[in-house]
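In case you want the letters, here they are:
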Amino acid sequence: MLKRVATFNVPYYALDLQQADYVISYLKGVPGVKSAVLYEISEGDPHYCLEVEIEQDDPALASRLQGLITQYTPFISDLTLKVYKPLAGAKE
């Protein structure tokens, strides 16, 4: 199990909740994706965090997720992409 995490700001536009719901629904339907959640931070920056839990490190899935995020780069700023793997306490 891995978590792919993208953090970002939406500087000039309000976050479109319908679009966010569409993206989360799309991600949940992608083979290999266990869950997808969009968080809004209560303090600090970046203001949003997209967390996608995947079953295994799959280069094709990573490329697909990267392509999805890339199509939104004109609308977001301060994008960071990270991959987390369990260190302790995770049930497999």
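Calculation rules
Counting restarts for each chain: residues are numbered from 1 in the order of the written sequence. Residues qualify for local features only when their pLDDT is at least 70, as the model is predicted, and side-chain atom pairs are given and counted only at 80 or more; totals for whole chains, interfaces and linings, by contrast, use all residues. Here the side-chain values reflect all heavy atoms present in the structure, with hydrogen atoms and water set aside. Segments assigned H or I by DSSP are reported as helices when at least four residues long, segments assigned E as strands when at least two residues long, and all are numbered from the N terminus. Take the residue count of a helix, subtract one, and multiply by 1.5 Å to get its expected span. Summary of the burial criterion: residues with accessible area below 20% of their type's maximum are buried, those above 50% are exposed, and those between are partly exposed, where the area comes from a 1.4 Å probe applied to protein chains only. Here the arc refers to the directions that run from the helix axis out to each C-beta atom. In what follows, residue pairs with any heavy atoms lying within 4.5 Å of each other are defined as contacts. One side-chain nitrogen of Lys or Arg within 4 Å of one carboxyl oxygen of Asp or Glu is enough to make a salt bridge.

Asker: Provide a residue-level description of helix 2 (residues 59–70), including the pertinent values.
Answerer: Here helix 2 is 12 residues long and its end C-alpha atoms lie 16 Å apart, about the 16 Å a rise of 1.5 Å per residue gives. For helix 2, the complete set of buried residues consists of L61, A62, L65, L68 and I69. Down the axis, helix 2 shows its buried residues gathered within 125° of arc, on one side only. Structural note: helix 2 exposes P59, A60 and S63 on the side pointing more than 90 degrees away from its buried face. Where helix 2 is buried, its residues contact strand 1 (2–9), helix 1 (17–28), strand 2 (33–40), strand 3 (48–54) and strand 4 (77–84).

Asker: Go over the pattern of salt bridges with me, naming the residues and quoting the values.
Answerer: All chains considered together, the criterion is met by four salt bridges. Among the salt bridges present, the one from E51 reaches K3, with a minimum N-O distance of 3.4 Å. Of this pair, E51 sits in strand 3 while K3 sits in strand 1, and the two are 48 residues apart along the sequence. The exposure class assigned to K3 is partly exposed, which follows from its relative accessible area of 24%. The shortest N-O distance in the salt bridge between E53 and K3 comes to 3.3 Å. Of this pair, E53 sits in strand 3 while K3 is found in strand 1, placing the two residues 50 residues apart along the sequence. When its relative accessible area of 12% is taken as the criterion, E53 is described as buried.

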